[in-house]
Amino acid sequence: MKFQYSVEGGDFTMAGHASSQVKKSLKQLGIDSSIIKRVVVALYEAEVNIVAHAYRGVIDVDIESAGIKLKLTDEGPGIPDIEKAMTKGFSTASAAVREMGFGAGMGLPNIRDNSDRFTIDTVVNKGTVLSIEIDFK
Ligand SMILES: Nc1ncnc2c1ncn2[C@@H]1O[C@H](COP(=O)(O)OP(=O)(O)O)[C@@H](O)[C@H]1O
Ligand SMILES: [Mg+2]
């Protein structure tokens with residue numbers, strides 16, 4: 001089962017759209033709720049990162065019998081230092097973004113901790129591709 005969603009940078013009203021749609025699909029498929037939780041957290045954080053840090057992006061969702069594959073491709077500033085970005089509490093979020101309750105610097109660490117496989121490919125001034133895979137058992 002494949003789905004695609006687009007995400008606009010700056011549009012926090014839509015942050016969480018893809019993750020709630022995917023949650024519905026996984027529930028219908030009878031996937032274990034502890035696994036659904038991990039998928040929703042990882043996808044939500046990745047969605048929010050496009051909204052908060054990039055200009056726009058596309059989310060490709062591929063649900064297979066063994067697990068789910070998520071690919072988030074954005075056009076944006078890229079991540080100059082991935083190791084730093086992966087550090088708990090590190091954030092470059094603007095004051096305005098923090099006002100809205102985002103920018104705790106826990107997104108990427110949470111994505112890593114909830115994924116079975118997680119990769120970041122990024123090019124500064126071009127964009128970032130996140131690949132997240134979560135197995136169903
Ligand atoms: N898609 C992205 N494009 C550009 N920079 C990003 C992206 N995702 C994360 N980052 C960078 O990594 C940092 C840490 O991300 P994260 O752990 O999600 O924390 P937060 O989003 O709360 O700042 C961000 O502050 C930002 O500098
Ligand atoms: Mg984040």
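Provided above is the structure to which this section pertains.
Our subject in this report is the structure included herewith. (Residues numbered from 1 in each chain as written. Chains lettered and ligands numbered in written order. Predicted model: local features only at pLDDT ≥ 70, side-chain atom pairs only at ≥ 80, totals over all residues. Heavy atoms only, no water.)

This part is about the overall build of the protein. In terms of regular secondary structure, the protein is built from 5 helices and 5 strands. Each helix (α) and strand (β) of the protein, taken in turn from the N terminus, gives the series β-α-α-β-β-α-α-α-β-β. Against the globule reference of 14 Å for 137 residues, the protein gives a C-alpha radius of gyration of 14 Å, in line with a compact fold. With the C-alpha coordinates of the protein rotated into their principal frame, the extents come out at 40 × 30 × 25 Å. Counting the 137 residues in the protein, one finds 40% classified as buried. Long-range pairs, those at least 24 residues apart, make up 63% of the contacts in the protein with a sequence separation of at least 6. Measuring between centres, the 16 positive side-chain charges of the protein sit 4 Å from its 18 negative side-chain charges. (Helix = DSSP H or I, 4+ residues; strand = E, 2+ residues; numbered from the N terminus. Rg over C-alpha atoms; globule rule 2.2 N^0.38 Å. Buried < 20%, exposed > 50% of the residue type's maximum accessible area, 1.4 Å probe, protein only. Contact = heavy atoms within 4.5 Å. Lys, Arg positive; Asp, Glu negative; His and termini not counted. Charge placed at Lys NZ, Arg CZ, Asp CG, Glu CD.)

With 37 residues, the main nonpolar core has Leu26, Ile68, Leu72, Leu108 and Ile132 as its most contacted residues. Looking at this core, the elements with two or more residues in it are strand 1 (2-8), helix 1 (17-28), helix 2 (33-53), strand 2 (56-63), strand 3 (67-75), helix 5 (107-114), strand 4 (117-123) and strand 5 (127-135). The biggest single contributor to this core is helix 2, with 9 residues. Sequence-distant contacts of Leu72, defined by excluding residues within four places in its chain, comprise Leu43, Ala46, Glu47, Ile50, Val58, Ile59, Thr128, Val129, Leu130 and Ile132. (Core = buried A, V, L, I, M, F, W, Y, C linked by side-chain atoms within 4.5 Å.)

Summed over the entire model, instances satisfying the criterion amount to 2 aromatic pairs. Considering the side-chain rings of Phe3 and Tyr5, the 6.5 Å spacing of their centres and the 25° angle between planes classify their relative orientation as stacked. Tyr5 gets classed as buried once you look at its relative accessible area, which sits at 13%. (Phe/Tyr/Trp six-rings, centres within 6.5 Å; stacked < 30°, edge-to-face > 60°.)

A separate point is the side chain of Ser25. Note that Ser25 resides in helix 1. Judged by relative accessible area, Ser25 falls into the buried class, the value being 12%. When near neighbours in sequence (up to four residues on either side) are disregarded, Ser25 contacts Phe3 and Ile63.

Note on pairing: side chains with opposite charge can pair once their charged atoms come close. Counting across every chain of the model gives 6 salt bridges. The salt bridge partner of Asp116 is Arg38, with a shortest N-O separation of 3.2 Å. Remark: Arg38 occurs in helix 2 and Asp116 occurs in the loop between helix 5 and strand 4; sequence separation between them is 78 residues. When the shortest N-O distance is used, the salt bridge between Asp135 and Arg117 registers 2.7 Å. Of this pair, Asp135 sits in strand 5 while Arg117 sits in strand 4, placing them 18 residues apart in sequence. Of the residues examined, Asp135 reaches a relative accessible area of 24% and is grouped as partly exposed. (Salt bridge = Lys/Arg side-chain N within 4 Å of Asp/Glu carboxyl O.)

With that settled, the discussion passes to the environment of Val51. In this structure, Val51 sits in helix 2. The class of Val51 is buried, set by a relative accessible area of 4%. Along the chain, Val51 and Phe12 lie 39 residues apart, while their C-alpha atoms are 6.4 Å from each other. Beyond its immediate sequence surroundings of up to four residues, Val51 is in contact with Val7, Glu8, Gly9, Gly10, Asp11, Phe12 and Ala15.

Just geometry here; none of it tells us what the structure is for.
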